[in-house]
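Structural overview
What follows is each chain in one-letter form.
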Amino acid sequence: MKVGVLALQGDVSEHAQTLSDLGADPVEVRTPDALAAIDALILPGGESTTMSMLLESSGLFEPIASRLDDGMPAFGTCAGMILLAKDVLDGRADQRSFGVLDIAVRRNAFGRQVDSFESELDVDGLGTVHAVFIRAPYVERVGDGVEVLARVDDHPVLCREGRVFAAAFHPELSGDLRLHELFLREVS
Ligand code: GLN
């Protein structure tokens, strides 16, 4: 399975490395041509407002939206979660999202950069996972079809709706392969 990593901005190489460690074949996606060659897409952490702008200027927004509507599996982390969400709270007025995950997510919900933190999460089906939160969002509303796999202080931070997964934290930064492994196993 060829797994793309949206490579416009953010922690692209860490996701690509994690995928390589799992024996998947990562492809950095910067153009519609690269998108056409992949079976699943990872949307990394970074800055969702910047990524939204770069998605427009690179001509990738519409092709990705259409692949997602056709059922392409996706895994968004942090800014990537925001890009997949149906509703974005505290977003910039012109920021766009793909709306394929029926959640409302609040940007920078845990506070500013100084409020970044690490925490042990209890993840459904996986057990304890060490999670790195950097200016992280959390989820304020989940739709009926959305499963919540982990929470911090009762706020959902790991969700799944069918073949779309999203984490408010950065599994690619903790050296733990299990979440990427779970995603690949569930969608391949
Ligand atoms: N706060 C960032 C945003 O709104 C996300 C931070 C991250 O991806 N680490 O896009």
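The structure reproduced in this document is the subject of the present report. (Residues numbered from 1 in each chain as written. Predicted model: local features only at pLDDT ≥ 70, side-chain atom pairs only at ≥ 80, totals over all residues. Heavy atoms only, no water.)

Some words on the nonpolar core
Within the largest apolar cluster, 67 residues are counted, with the highest numbers of intra-cluster contacts made by Phe98, Phe133 and Val157. Leave out the neighbours within four places in its chain, and Val157 touches Met81, Phe110, Leu121, Phe133, Tyr138, Ala150, Arg151, Val152, Ala166, Ala167, Ala168 and Phe169. (Core = buried A, V, L, I, M, F, W, Y, C linked by side-chain atoms within 4.5 Å. Buried < 20%, exposed > 50% of the residue type's maximum accessible area, 1.4 Å probe, protein only. Contact = heavy atoms within 4.5 Å.)

Let's talk about the site of the ligand
Near the ligand the following residues occur: Gly45, Gly46, Glu47, Ser48, Cys78, Ala79, Ile82, Arg107, Asn108, Ile134, Arg135 and His170. In the model, a nitrogen atom of the ligand is placed 2.9 Å from a nitrogen or oxygen of the His170 side chain. The residue makeup of the shell around the ligand, split by class, is four nonpolar, five polar and three charged. (Near = heavy atom within 4 Å. Polar contact = N/O pair within 3.5 Å; in protein donor to acceptor, adjacent residues only side chain to side chain. Nonpolar A, V, L, I, M, F, W, Y, C, P; charged D, E, K, R; others polar.)

A word on unusual backbone geometry
A positive phi angle, near 60°, is found at Asp90, a position not held by glycine. Position of Asp90 relative to the elements: it lies in the loop between strand S5 (85-89) and strand S6 (101-106). With a phi close to 40°, Arg135 is a non-glycine residue in the positive phi region. Examined against the element boundaries, Arg135 turns out to sit in the loop between strand S8 (127-133) and strand S9 (138-142). Judged by relative accessible area, which is 29%, Arg135 ranks as partly exposed. (Helix = DSSP H or I, 4+ residues; strand = E, 2+ residues; numbered from the N terminus.)

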